[in-house]
Amino acid sequence: LPVASQAKYLGTVMSYKLLEDQTVLHRIQLSKIAFHRLSRWLKGKRGMPTWQRLRIWSTCVYPVLSYGICTVGITTFGATKLQQTMDSMLRQILDNHAYVTGQSHHQALAQHGVELPLIWIVKTVDSLQQSVTQRLLYAEVHDVVHRLDWNHLSNLKAFLLAQRNTGPVEYH
């Protein structure tokens, strides 16, 4: 069998180097494909209110983007890339483009009552923590969930919140 330096496994990229960043880039690529497939409805003016377009995105595109990233972890580079991707998609859905409105991403999202990208990811971490905690309550002693270490989720959440507060420089 040939030896590979990386492989895709269960939606993540297994690699000897920078697997977190490679996974984030892989998930971004897949989410852009999903976004493009739904762009007619997400960006179109087909009489669909903004809240419905946001719901479609959060149901169909965001899960593609976020799948597996909490389990492998997120670096500063990855957090920045996720923020950029989500900001771009959300602003297209909101039809609020920086070159037209002059608003920052934070202002545009706040105007429409949409949470910041890193808060979406923090909520994903919270959901995973809750799921694991519930699973641990009912799992048999020999269940594999007891062998996995999920302590990194608390660190990931703290990291994301710190990134949100100090975060990358605003980009347009």
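Up top you'll find the structure we're talking about.
Below: a short report on this structure. None of the values given here were measured: they were computed from a predicted structure.

Details of the packing of helix H5 (residues 76–94) against helix H8 (residues 117–138)
Two numbers describe a pair of packed helices, the interaxial angle and the distance between the axes. Contact pair H5 / H8: the axes reach a minimum separation of 8 Å and the direction vectors enclose 115°. The angle between H5 and H8 places the two elements in the roughly perpendicular class. Residues Ala-79, Leu-82, Gln-83, Met-86 and Asp-87 of H5 lie in contact with H8, whose contacting residues are Pro-117, Leu-118, Trp-120 and Ile-121. Here the residues of the contact of H5 with H8 sort into 7 nonpolar, 1 polar and 1 charged.

Re the packing of aromatic side chains
With the rule as written, the count across this model stands at 3 aromatic pairs. Look at Trp-57 and Tyr-62: their rings are 5.8 Å apart centre to centre, the planes differ by 45°, and that puts the pair in the tilted class. Relative accessible area serves as the criterion here: at 0%, Trp-57 is assigned to the buried category. Between Trp-57 and Trp-120 the ring centres are 5.0 Å apart and the planes differ by 80°, which places this aromatic pair in the edge-to-face class. Of this pair, Trp-57 sits in helix H2 (residues 50–60) while Trp-120 sits in helix H8, placing them 63 residues apart in sequence. By the burial criterion, Trp-57 is buried, and Trp-120 matches it. One aromatic cluster is present, formed by Trp-57, Tyr-62 and Trp-120 through successive ring pairs. Over the aromatic face of Trp-41 sits the side chain of Arg-40, whose NZ or CZ is 5.5 Å from the ring centroid.

A few points about the nonpolar core
The biggest cluster of nonpolar side chains holds 30 residues, and the ones touching the most others in it are Trp-57, Ile-74, Leu-82, Ile-121 and Leu-160. Sorting the residues of this core by element identifies helix H1 (19–42), H2, helix H3 (62–66), helix H4 (69–72), H5, H8 and helix H9 (152–166) as the ones contributing at least two each. Tallying contributions element by element places H5 first for this core, with 7 residues. Residue contacts for Leu-82: discarding those within four places in its chain leaves Val-24, Ile-28, Leu-65, Ile-69, Ile-74 and Ile-121.

Cut-off values and rules
- Once a new chain begins, its residue numbering starts again from 1 and follows that chain's sequence as written.
- pLDDT decides what is reported in this predicted model: residues at 70 or higher carry local features, side-chain atom pairs at 80 or more are listed and counted, and totals for whole chains, interfaces and linings draw on all residues regardless.
- Processing note: side-chain calculations cover all non-hydrogen atoms of the structure and skip hydrogens and water entirely.
- To obtain each axis, a line is fitted to C-alpha atoms, and for helices this fit is confined to the stretch in contact; angles are then taken between N-to-C directions over 0 to 180 degrees.
- Numbering goes from the N terminus for both helices and strands, where a helix is a DSSP run of H or I of at least four residues and a strand is a run of E of at least two.
- Working rule for angles: under 35 degrees goes down as roughly parallel, over 145 as roughly antiparallel, 65 to 115 as roughly perpendicular, anything else as oblique.
- Any two residues whose heavy atoms approach within 4.5 Å at even a single point are treated as in contact.
- Residues were grouped as follows: Ala, Val, Leu, Ile, Met, Phe, Trp, Tyr, Cys and Pro as nonpolar; Asp, Glu, Lys and Arg as charged; and all remaining residues, including Gly, as polar.
- Between the rings of Phe, Tyr and Trp (Trp by its six-membered ring), a pair exists once the centres lie within 6.5 Å; its type follows the angle of the planes, with under 30 degrees stacked, over 60 edge-to-face, and the other angles tilted.
- Think of it in three bands: with a 1.4 Å probe and only protein chains considered, a residue is buried below 20% of the maximum accessible area for its type, exposed above 50%, and partly exposed in between.
- The rule for a charge over a ring is simple: NZ of Lys or CZ of Arg within 6 Å of the ring centre, and within 35 degrees of the ring normal.
- Residues enter a nonpolar core if they are buried and are Ala, Val, Leu, Ile, Met, Phe, Trp, Tyr or Cys, with the set joined through side-chain atoms within 4.5 Å.

Any link to function would need more than the numbers given here.
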